[in-house]
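Overview (structure and organization)
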Amino acid sequence: PAFESCARSGAMGLMCSYNQVNATPSCGNKAFETDLMRDKWGFDGVIVTDCDSIADMYYLQHWKSTPEETVRSALEAGTDISCGFKFLQDHTTGDMLPLLQNAVRRALRVRFRLGEFDPPSKEGRFSLPSGLSLAREAAQQSIVLLKNAKKTLPLKKSQK
């Protein structure tokens, strides 16, 4: 229910994880990523891996027989962004170009919706009264008060 609520309410990003469901790695699970989340629930954001999940699909879960097949299965499933070091880069082949284009298209669409490519505002993000009000409310709700009865704060540089 939680993932469905997020997908249906306009979340722009979801993360697939290291685990498997019914012997299928979550980052290579087309039934979850595409059929359920995108097609049935209407999710229109990006799916990002937990770091090195695609490499783990190959090295630890033995999901496919080659690294290239593993990368292809993640892209075909609907994974868009790899939070990994070099596995995707090292094992992507030219025939995966349409899959990569779809992933890049989805990632850029989200970045545009977030306003990352909008021209900078002259007033700044929180200059408008509504922005200041929102910033003030966020700050008030996140304040943590500490009782410093034993005078342990501020920490000394010599303490670890």
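Only a predicted model underlies this, so the values are computations on that prediction, with no experimental measurement involved. (Residues numbered from 1 in each chain as written. Predicted model: local features only at pLDDT ≥ 70, side-chain atom pairs only at ≥ 80, totals over all residues. Heavy atoms only, no water.)

Once that is clear, we can look at unusual backbone geometry. Of note, the bond from leucine 153 into proline 154 is cis; its omega dihedral lies within 30 degrees of zero at -5°. Tracing the sequence through the fold places proline 154 in the segment after helix H7 (129–142). A positive phi angle, near 55°, is found at lysine 151, a position not held by glycine. Mapping lysine 151 onto the fold places it in the segment after H7. (Helix = DSSP H or I, 4+ residues; strand = E, 2+ residues; numbered from the N terminus.)

Time to look at a nonpolar patch on the surface. Among the surface-exposed residues, Val104, Leu108, Phe112 and Phe117 lie close enough to one another that they form a single nonpolar patch of about 370 Å² accessible area. When you line up the elements, phenylalanine 117 lands in the loop between helix H6 (97–113) and H7. (Patch = residues over 30% accessible without salt bridge, like charges linked within 9 Å, V, L, I, M, F, W, Y side chains within 5 Å. Areas by Shrake-Rupley, 256 points an atom, 1.4 Å probe, with all protein chains shown as cover. Salt bridge = Lys/Arg side-chain N within 4 Å of Asp/Glu carboxyl O.)

Turning our attention to the packing of aromatic side chains. The relative placement of two aromatic rings is captured by the distance of their centres and the angle of their planes. On inspection of all chains with the given rule, the structure shows 4 aromatic pairs. Seen in terms of ring centroids, tyrosine 58 and tyrosine 59 are 5.0 Å apart; in terms of plane orientation they differ by 75°. Their pairing is edge-to-face. Their ring planes at 75° and their centres at 5.7 Å tell us that tyrosine 59 and phenylalanine 87 sit as a pair that is edge-to-face. Of the two residues, tyrosine 59 sits in helix H3 (residues 53–59) while phenylalanine 87 sits in helix H5 (residues 87–90), which places them 28 residues apart along the sequence. Its relative accessible area of 48% is what places tyrosine 59 among the partly exposed residues. On the basis of relative accessibility, which here comes to 9%, the residue phenylalanine 87 falls in the buried class. Geometry around tryptophan 63 places lysine 64 over its ring, the cationic atom sitting 4.8 Å from the centre. (Phe/Tyr/Trp six-rings, centres within 6.5 Å; stacked < 30°, edge-to-face > 60°. Buried < 20%, exposed > 50% of the residue type's maximum accessible area, 1.4 Å probe, protein only. Lys NZ or Arg CZ within 6 Å of the ring centre and 35° of its normal.)

On average, residues of the chain score 89 in pLDDT, and 94% of them reach the 70 mark or higher. Averaged over each element, pLDDT in the chain is lowest for H7 (80) and highest for helix H4 (residues 67–77) (97). (pLDDT = per-residue confidence, 0-100.)

Within the secondary structure layout, threonine 79 lies in the loop between H4 and H5. Among the residues examined, threonine 79 registers a relative accessible area of 2% and is labelled buried. Every residue in contact with threonine 79, bar those within four places of it in the chain, is listed here: Cys16, Cys27, Glu33, Ile47, Thr49, Ala74, Ala103 and Arg106. (Contact = heavy atoms within 4.5 Å.)

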